[in-house]
Number of protein chains: 2
Amino acid sequence: MAEQGLYEELARQLSAVGAVKRGMARILPADCPAGSAAVLTLLDRHGDIRMSRLAELLSVDMSVTSRHVAHVAARGWIERSPDPADKRSRLLRLTPAGRAQMDELSRRTTQLLATRLGDWSDDEVGQLIRLMTRLRDSFGDCRVAFTGPAAPDVHQTTRTPAEAK
Amino acid sequence: MAEQGLYEELARQLSAVGAVKRGMARILPADCPAGSAAVLTLLDRHGDIRMSRLAELLSVDMSVTSRHVAHVAARGWIERSPDPADKRSRLLRLTPAGRAQMDELSRRTTQLLATRLGDWSDDEVGQLIRLMTRLRDSFGDCRVAFTGPAAPDVHQTTRTPAEAK
DNA sequence: TATTGTTATACTCTATAACTATA
DNA sequence: TATAGTTATAGAGTATAACAATA
């Protein structure tokens, strides 16, 4: 386990990385904010999935997912087809227009990072990716607050837990 | 320079790290949201500074800084004394109550990270800190959008640029 | 005239809770 | 009764613009 000073410094850097995220968001098309871009990226990578699965991948509540999805669907970038196996569900899929939008997003993102990180090597970028991925894994589902040393029966759902009765 | 696929993956991980940040925010005291915690942390590290300097350190517009500072000042965690050298400025300083609040924040943050990252070594945490710090440096002041290959005369200010007349 | 800081307004992202329709 | 998804509401964070006081 790492020492306390390192944890405090890591917390500081996590806070500061928001500036980088805002820099990335600033180059997005006007009608495609970061939430929409995240939906398109995940659908591009994971193929046809359901809302609940997308909410898991986004690590946000399904109500949030629903709003983002509605936004990209309204612009014709995805289609929502009924799930034959469960009429409550909808299967999400990128449309050709959505794929074109993805290409534009990749183009802009790559150009920005290539400019800003021009002096980074492949290995350095890969290291950062690896450590950030592991960080996310170590946190698991962060939408449930850690409640103490003994935290039994933690919900790992995608939605607001129902009130205890 | 790194290849395109790495840039796209890095962008994805930057987007996903938001879940970790939300997990950190969730353990903060109710009257001390992330913005307030960032102000306290920076004042703790950098001593007495002015609003404009704090805005630089936060990498946000000074209007945002002003709001965060007003919040922590209203709770007695910092004091704003007039700058004898410039009557427009105010010098910010942590109060004893503010330092106590900082201690509480450090305690909670450290406990959370120690739990989540219990299987990380000092070296691994240090690596992540180092790479995130470098990432932020490589982006510099991200509050100005990158406008193209030839971007002369880029403003590096802490406030909304005045409209060109 | 330019700069420091504040305030008003608008937008994005998120969580909570209530609701529907299916299971 | 429980689950998949939607919508309404509220709170936090941020940027833009207009403003007041001082340089």
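Residues numbered from 1 in each chain as written. Chains lettered and ligands numbered in written order. Predicted model: local features only at pLDDT ≥ 70, side-chain atom pairs only at ≥ 80, totals over all residues. Heavy atoms only, no water.

Some points on the interface of chain B and chain A
Line of reasoning, step 1. Counting from both sides, the interface comprises 67 residues of chain B and, opposite them, 67 residues of chain A.
Line of reasoning, step 2. Taking both sides of the interface into account, the surface hidden between chain B and chain A amounts to around 6,900 Å²; carbon and sulfur atoms contribute 66%.
Line of reasoning, step 3. Looking at the side of chain B facing chain A, the largest losses of area belong to Tyr 7, Arg 116 and Phe 139 of chain B, adding up to 10% of the total buried there.
Line of reasoning, step 4. Where chain B touches chain A, the interface holds six salt bridges.
Line of reasoning, step 5. Across the salt bridge formed by Asp 119 of chain A and Arg 134 of chain B, the nearest N and O atoms sit 3.9 Å from each other. (Contact = heavy atoms within 4.5 Å. Buried area = accessible area lost by both parts, 1.4 Å probe. Salt bridge = Lys/Arg side-chain N within 4 Å of Asp/Glu carboxyl O.)

A word on the packing of helix H1 (residues 4-16) of chain A against helix H2 (residues 18-25) of chain A
Residue and element names in this part refer to chain A.
Line of reasoning, step 1. H2 packs onto H1 with a crossing angle of 20 degrees between their chain directions and a minimal axis gap of 4 Å. As the angle between them shows, H1 and H2 are arranged roughly parallel. Residues Leu 14, Ser 15 and Ala 16 of H1 pack against Gly 18, Ala 19 and Val 20 of H2.
Line of reasoning, step 2. Classifying every residue of the contact of H1 with H2 by side-chain character gives four nonpolar, two polar and no charged. (Axes fitted to C-alpha atoms, helices over the stretch in contact; angles between N-to-C directions. Helix = DSSP H or I, 4+ residues; strand = E, 2+ residues; numbered from the N terminus. Parallel < 35°, antiparallel > 145°, perpendicular 65-115°, else oblique. Nonpolar A, V, L, I, M, F, W, Y, C, P; charged D, E, K, R; others polar.)

A look at the pattern of salt bridges
Residue and element names in this part refer to chain A.
Line of reasoning, step 1. Tallying each qualifying case throughout the model produces 24 salt bridges over all chains.
Line of reasoning, step 2. Note that Asp 83 is salt-bridged to Arg 50, the shortest N-O span being 3.9 Å. Of this pair, Asp 83 sits in the loop between strand E2 (78-82) and strand E3 (90-94) while Arg 50 sits in strand E1 (residues 49-50), placing them 33 residues apart in sequence.
Line of reasoning, step 3. Here Arg 50 falls in the partly exposed class, since its relative accessible area comes to 31%.
Line of reasoning, step 4. Its salt-bridge partner being Arg 50, residue Asp 86 comes within 4.0 Å of it at the nearest N-O pair. In this pair, Asp 86 is assigned in the loop between E2 and E3 and Arg 50 in strand E1, connecting sequence segments 36 residues apart. (Buried < 20%, exposed > 50% of the residue type's maximum accessible area, 1.4 Å probe, protein only.)

Re the nonpolar core
Line of reasoning, step 1. Judged by nonpolar contacts, the single largest core of 42 residues is most densely connected at Leu 10, Leu 128 and Leu 135 of chain A together with Leu 10, Leu 128 and Leu 135 of chain B.
Line of reasoning, step 2. Taken together, the elements giving at least two residues each to this core come down to H1, H2, helix H6 (96-116) and helix H7 (122-139) of chain A together with helix H1 (4-16), helix H2 (18-25), helix H6 (96-116) and helix H7 (122-139) of chain B.
Line of reasoning, step 3. Every residue in contact with Leu 135 of chain B, bar those within four places of it in the chain, is listed here: Val 17, Val 20, Leu 117, Trp 120 and Leu 128 of chain A together with Leu 14 of chain B. (Core = buried A, V, L, I, M, F, W, Y, C linked by side-chain atoms within 4.5 Å.)

Things to note about the side chain of Thr 109 of chain B
Line of reasoning, step 1. As for its position among the elements, Thr 109 of chain B is in helix H6.
Line of reasoning, step 2. Thr 109 of chain B has contacts with Tyr 7 and Ala 11 of chain A together with Met 24 and Ile 27 of chain B, leaving out every residue within four places of it along the chain.

Some remarks on H2 of chain B
Line of reasoning, step 1. Along H2 of chain B, the residues that are buried comprise Gly 18, Ala 19, Val 20, Gly 23 and Met 24 of chain B.
Line of reasoning, step 2. Elements in contact with the buried residues of H2 of chain B: H1, H2 and H7 of chain A together with H1 and H6 of chain B.

Side note on the packing of aromatic side chains
Line of reasoning, step 1. With the rule as written, the count across this model stands at zero aromatic pairs over all chains.
Line of reasoning, step 2. Directly above the aromatic system of Trp 120 of chain B lies the positively charged group of Arg 134 of chain A, at a separation of 4.5 Å from the ring centroid. (Phe/Tyr/Trp six-rings, centres within 6.5 Å; stacked < 30°, edge-to-face > 60°. Lys NZ or Arg CZ within 6 Å of the ring centre and 35° of its normal.)

Quick look at H1 of chain B
Line of reasoning, step 1. Given a rise of 1.5 Å per residue, 13 residues ought to cover 18 Å, and the 19 Å separating the end C-alpha atoms of H1 of chain B matches this to within 8%.
Line of reasoning, step 2. Listed as buried for H1 of chain B are Leu 6, Tyr 7, Leu 10, Ala 11, Arg 12, Gln 13, Leu 14 and Ala 16 of chain B. (Expected span 1.5 Å × (residues − 1).)

Quick word on the confidence of the model for chain A
Line of reasoning, step 1. In the predicted model, chain A carries a mean pLDDT of 88, and 84% of its residues have values of at least 70.
Line of reasoning, step 2. Counted against residues more than four places away or in other chains, residues 143-157 of chain A, with its pLDDT under 50, gives 18 contacts. (pLDDT = per-residue confidence, 0-100.)

Notes on unusual backbone geometry
Line of reasoning, step 1. Notably, Ser 59 of chain A is not glycine yet its phi reads approximately 60 degrees, a positive angle.
Line of reasoning, step 2. By secondary structure assignment, the location of Ser 59 of chain A is in the loop between helix H4 (51-58) and helix H5 (62-74).

Some thoughts on the environment of Glu 9 of chain B
Line of reasoning, step 1. Counting through the fold element by element, Glu 9 of chain B comes out in helix H1.
Line of reasoning, step 2. Sequence-wise, Glu 9 of chain B and Gly 118 of chain B are 109 residues apart; in three dimensions their C-alpha atoms are separated by 26 Å.
Line of reasoning, step 3. What Glu 9 of chain B contacts, discounting residues up to four positions off in sequence, is Arg 45 and Ile 129 of chain A.

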